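# Coordinates in review
Read off the chains here:
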Amino acid sequence: MKYHLVALFTIFVWGFTFVSTKVLLADISPLWILLLRFVLGLGILCVMRPHILRLKERTDEVLFAAAGATGIAAYYLLENVALVFTTATAVGVIVAASPLFTALISAALGDRSSINIRFFCGFALAMAGLIVVGAGTMGESFTSFDLFGDMLALTAALVWAVYSTLVARIAQKGYETIAATKRTFVWGVAFILVTTLIFDPHTPQPSVLLDGQNLLNLLFLGAVASAACFV
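Criteria and cut-off values
Residues numbered from 1 in each chain as written. Predicted model: local features only at pLDDT ≥ 70, side-chain atom pairs only at ≥ 80, totals over all residues. Heavy atoms only, no water. Helix = DSSP H or I, 4+ residues; strand = E, 2+ residues; numbered from the N terminus. Buried < 20%, exposed > 50% of the residue type's maximum accessible area, 1.4 Å probe, protein only. Contact = heavy atoms within 4.5 Å. Areas by Shrake-Rupley, 256 points an atom, 1.4 Å probe, with all protein chains shown as cover. Lys, Arg positive; Asp, Glu negative; His and termini not counted. Charge placed at Lys NZ, Arg CZ, Asp CG, Glu CD. Patch = residues over 30% accessible without salt bridge, like charges linked within 9 Å, V, L, I, M, F, W, Y side chains within 5 Å. Salt bridge = Lys/Arg side-chain N within 4 Å of Asp/Glu carboxyl O. Core = buried A, V, L, I, M, F, W, Y, C linked by side-chain atoms within 4.5 Å. Axes fitted to C-alpha atoms, helices over the stretch in contact; angles between N-to-C directions. Parallel < 35°, antiparallel > 145°, perpendicular 65-115°, else oblique. Left-handed = near helix turned anticlockwise from the far one by under 90°. Expected span 1.5 Å × (residues − 1). Bend = angle between axes of the 7 residues up to and from the residue. Nonpolar A, V, L, I, M, F, W, Y, C, P; charged D, E, K, R; others polar. Polar contact = N/O pair within 3.5 Å; in protein donor to acceptor, adjacent residues only side chain to side chain.

The next thing to look at is the overall build of the protein. The number of helices and strands found in the protein is ten helices and zero strands. Secondary structure of the protein in N-to-C order comes out as α-α-α-α-α-α-α-α-α-α. By residue count, 42% of the 231 residues in the protein fall in the buried class. When contacts within the protein are restricted to residue pairs at least 6 apart in sequence, long-range pairs at least 24 apart make up 89% of them. Carbon together with sulfur atoms contributes 72% to the accessible area of the protein, which is approximately 12,400 Å² in total. Taking the 13 positively charged and 12 negatively charged side chains of the protein as two groups, their mean positions are separated by 16 Å.

Another aspect to go through is a nonpolar patch on the surface. Nonpolar side chains collect at one region of the surface, where Leu210, Leu215, Leu216 and Leu219 lie side by side and expose about 400 Å² of accessible area between them. Here Leu215 lies in helix α10 (residues 212-230). Judged by relative accessible area, Leu215 falls into the partly exposed class, the value being 35%.

Before going further, it helps to examine the nonpolar core. Within the largest apolar cluster, 48 residues are counted, with the highest numbers of intra-cluster contacts made by Phe38 and Phe230. Broken down by element, the residue count for this core peaks at ten residues, all from helix α3 (residues 60-85). Discounting residues that sit within four places of it in the chain, Phe38 has contacts with Ile72, Tyr76, Phe185, Val189, Ile192, Ser226 and Phe230.

It is worth spelling out the packing of helix α1 (residues 2-24) against α10 at this point. Direction vectors running N to C along α1 and α10 enclose 150°, while the axes themselves pass 10 Å from each other. By the angle between their directions, the pair α1 and α10 is classed as roughly antiparallel. Between α1 and α10 lies a crossing whose hand is left-handed. Residue-level inspection shows Phe9, Thr10, Val13, Trp14, Phe16, Thr17, Ser20, Thr21, Val23 and Leu24 of α1 in contact with α10, the latter providing Gln213, Asn214, Asn217, Leu218, Phe220, Leu221, Val224, Ala225, Cys229 and Phe230.

The terminal C-alpha atoms of α3, which comprises 26 residues, lie 37 Å apart, in line with the 38 Å expected from a rise of 1.5 Å per residue. Maximal helix bending in α3 amounts to about 30°, located at Ala74.

Turning our attention to the packing of helix α2 (residues 30-48) against α3. Packed helix pairs are characterised by how far apart their axes lie and by the angle those axes make with each other. With their axes 9 Å apart at the nearest point, α2 and α3 run at an angle of 135° to one another. The angle between α2 and α3 places the two elements in the oblique class. Here the hand of the crossing between α2 and α3 comes out right-handed. Between α2 and α3, the residues in contact are Pro30, Leu31, Ile33, Leu34, Arg37 and Phe38 and Ile72, Ala73, Tyr76, Leu77, Asn80, Val81 and Val84, respectively. Residue classes in the contact of α2 with α3 are distributed as eleven nonpolar, one polar and one charged.

All right, on to the side chain of Thr70 then. Mapped onto the elements, Thr70 comes out in helix α3. Its relative accessible area of 16% is what places Thr70 among the buried residues. Of the polar contacts made by the side chain of Thr70, one reaches the backbone oxygen of Ala67; its length is 3.3 Å. The residues contacting Thr70, other than those within four sequence positions of it, are Tyr75, Val159, Val162, Tyr163 and Leu166.

Mapped onto the secondary structure, Thr181 falls in helix α8 (residues 177-199). Apart from the residues within four sequence positions on either side, Thr181 is in contact with Leu45, Phe230 and Val231.

Okay, the environment of Val159 next. Position of Val159 relative to the elements: it lies in helix α7 (residues 147-172). Sequence spacing of Val159 and Val95 is 64 residues, and the spatial spacing of their C-alpha atoms is 9.8 Å.

Written out as structure tokens, the structure is:
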């Protein structure tokens, strides 16, 4: 039960990230939000676990690199850009499809334990609830979300499913949670940094970053939604 409560807390916090990111997009570009968020999260994880994780096999580095590329860099880049084109409610509803993709990927890899009637009934019920909440929030505009933003959000859900599968493989190898998360963050930040320097080299103004609202949202995204919730 305690693990379900931890998962519930994580989902509760991540539900706010769509709104928090949407607020930041008024002053900061998607790439810089992403970079600042995970640099802050990585710094906190380094304080929590300063030692370097020892790999059990050299090939395991590929798993950490792939996890960083998918769950840190690609997923959040797709999500942040999607928020530019559509609403936070739309993105929140669409990316909630990731458990379905995760189950299908696991089944394709030989693990069919999640493919059963309980899973599909639960998934249908959860998605129906999200749609009802979204429709109630957005009213008539709920059916007119920007198609490009919607497709980016759907792609993000698929990417997150790949990340979830990779994290499960890492956990099966017995790596300590915080240290493993930190190593994944290192790879994710590396990919984000290179992408940002290429496509958006202009750093945000200090006055923008130190604005009270922006600073609080960045701290929330970095410390709580990234460092704490990823662990």
